[in-house]
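Okay, here's what each chain looks like letter by letter:
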Amino acid sequence: MAQAKELVERSLVVLKPDTVQRGIVGEIITRFERVGLKIIGMKMVMPDEDHYRSHYEEIGKMITRRGEQAFRYNLNYMTTGPVIAMVLEGVEAVALVRKIVGPTEPKSAEMGTIRGDYSHMSFGYSDAKGIGVPNLVHASGNKEEAKKEIALWFQPEQLYDYSDLNEKYTR
């Protein structure tokens with residue numbers, strides 16, 4: 001029984017400015033709820049550069065992997081408007097959320113994923129234009145990253161423990 005409890009995970013999801021500005025927040029959230037993931041925290045925020053640097057470099061190592069210019073493109077994109085940050089909980093939630101979202105480059109995402117159904121930009125195009133990739137959603141890459149990201153975006157008292165009907169069928 002203890003092993004099953006260990007498989008219940010939390011993942012950070014950030015609905016990026018393009019999701020908010022296009023008015024498709026509800027459609028995206030519905031996809032996570034339909035598979036039985038539980039929203040245990042959610043808020044609309046407009047983080048500053050320091051917050052995004054902590055998120056993308058201190059945790060995600062974006063600058064280390066892709067360079068300062070890629071970070072700047074992404075920062076310019078992420079600060080075009082508010083985002084919705086949420087914490088989802090469920091069985092192997094990190095991998096499940098990544099599967100629902102699809103790969104980072106929208107052009108490579110399969111139909112049926114969020115990025116495959118709602119976006120189409122390529123890295124080549126965004127690099128040529130000098131812009132960040134509007135790929136709708138950030139999703140934690142692994143369990144360790146999820147823990148750090150959740151701690152950056154949410155205080156413990158902003159996360160709620162409650163039962164929902166889906167748990168009867170998904171856990």
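Note that this is a predicted model, so its numbers are computed, not measured.

## What to know about the packing of helix α4 (residues 49–59) against helix α6 (residues 68–78)
- Running from amino to carboxyl end, α4 crosses α6 at an angle of 130°, the nearest separation of the two axes being 11 Å. The angle between α4 and α6 places the two elements in the oblique class. Taken as a pair, α4 and α6 cross one another with a handedness that is right-handed. Across from E49, Y52, R53 and Y56 in α4, the residues of α6 making contact are E68, F71, R72, N74, L75 and M78.
- By residue class, the composition of the contact of α4 with α6 is five nonpolar, one polar and four charged.

## What to know about the layout of surface pockets
- Of the voids in this model, the largest pocket is the one considered here, and its volume is about 520 Å³.
- Around the largest pocket, the lining comprises 26 residues; the ones closest to its centre are Y56, M62, R65, R66 and T104.
- Secondary-structure elements contributing two or more residues to the lining of the largest pocket are α4, α5 (62–66), α6, α9 (123–129), β4 (137–139) and α10 (143–153).
- Class assignment of the residues belonging to the lining of the largest pocket gives a composition of nine nonpolar, nine polar and eight charged.

## Focus: the sheet that holds strand β2 (residues 38–45)
- In space, the four strands of this open sheet follow the order β2-β3-β1-β4, with antiparallel pairing throughout. Strand pairing shows two members of the sheet lacking a second neighbour, β2 and β4, which therefore form its edges. Neighbouring strand axes in the sheet, compared pairwise and without regard to direction, differ in orientation by 20° on average.
- Relative to β4, strand β1 (residues 8–15) is paired through three bridges, and the arrangement is antiparallel.

## With respect to helix α3 (residues 25–34)
- By the burial criterion, the buried members of α3 are V25, I28, I29, R31 and F32. All buried residues of α3 fall inside an arc of 150° around its axis, so they share one side.
- Looking one or two residues beyond α3, the residue adopting positive phi is G36, at roughly 100°.

## Side note on unusual backbone geometry
- With a phi close to 60°, K61 is a non-glycine residue in the positive phi region.
- Among the structural elements, K61 can be located in the loop between α4 and α5.
- What makes K61 partly exposed here is its relative accessible area of 39%.
- Positive phi outside glycine occurs at L136, with the angle close to 75°.
- With respect to the element layout, L136 can be found in the loop between α9 and β4.
- A residue is classified by how much of its surface remains accessible, and L136, at 0% relative accessible area, is buried.

Cut-offs used in this document
- Residues numbered from 1 in each chain as written.
- Predicted model: local features only at pLDDT ≥ 70, side-chain atom pairs only at ≥ 80, totals over all residues.
- Heavy atoms only, no water.
- Axes fitted to C-alpha atoms, helices over the stretch in contact; angles between N-to-C directions.
- Helix = DSSP H or I, 4+ residues; strand = E, 2+ residues; numbered from the N terminus.
- Parallel < 35°, antiparallel > 145°, perpendicular 65-115°, else oblique.
- Left-handed = near helix turned anticlockwise from the far one by under 90°.
- Contact = heavy atoms within 4.5 Å.
- Nonpolar A, V, L, I, M, F, W, Y, C, P; charged D, E, K, R; others polar.
- 1 Å grid on protein atoms, 1.4 Å probe; cavity = no way out; pocket = protein on both sides within 12 Å on 5 of 7 lines; lining within 4 Å.
- Points joined across faces, edges and corners; volume = space filled by probe spheres on them.
- Pairing = 2+ DSSP bridges.
- Buried < 20%, exposed > 50% of the residue type's maximum accessible area, 1.4 Å probe, protein only.
- Arc of directions from axis to C-beta.

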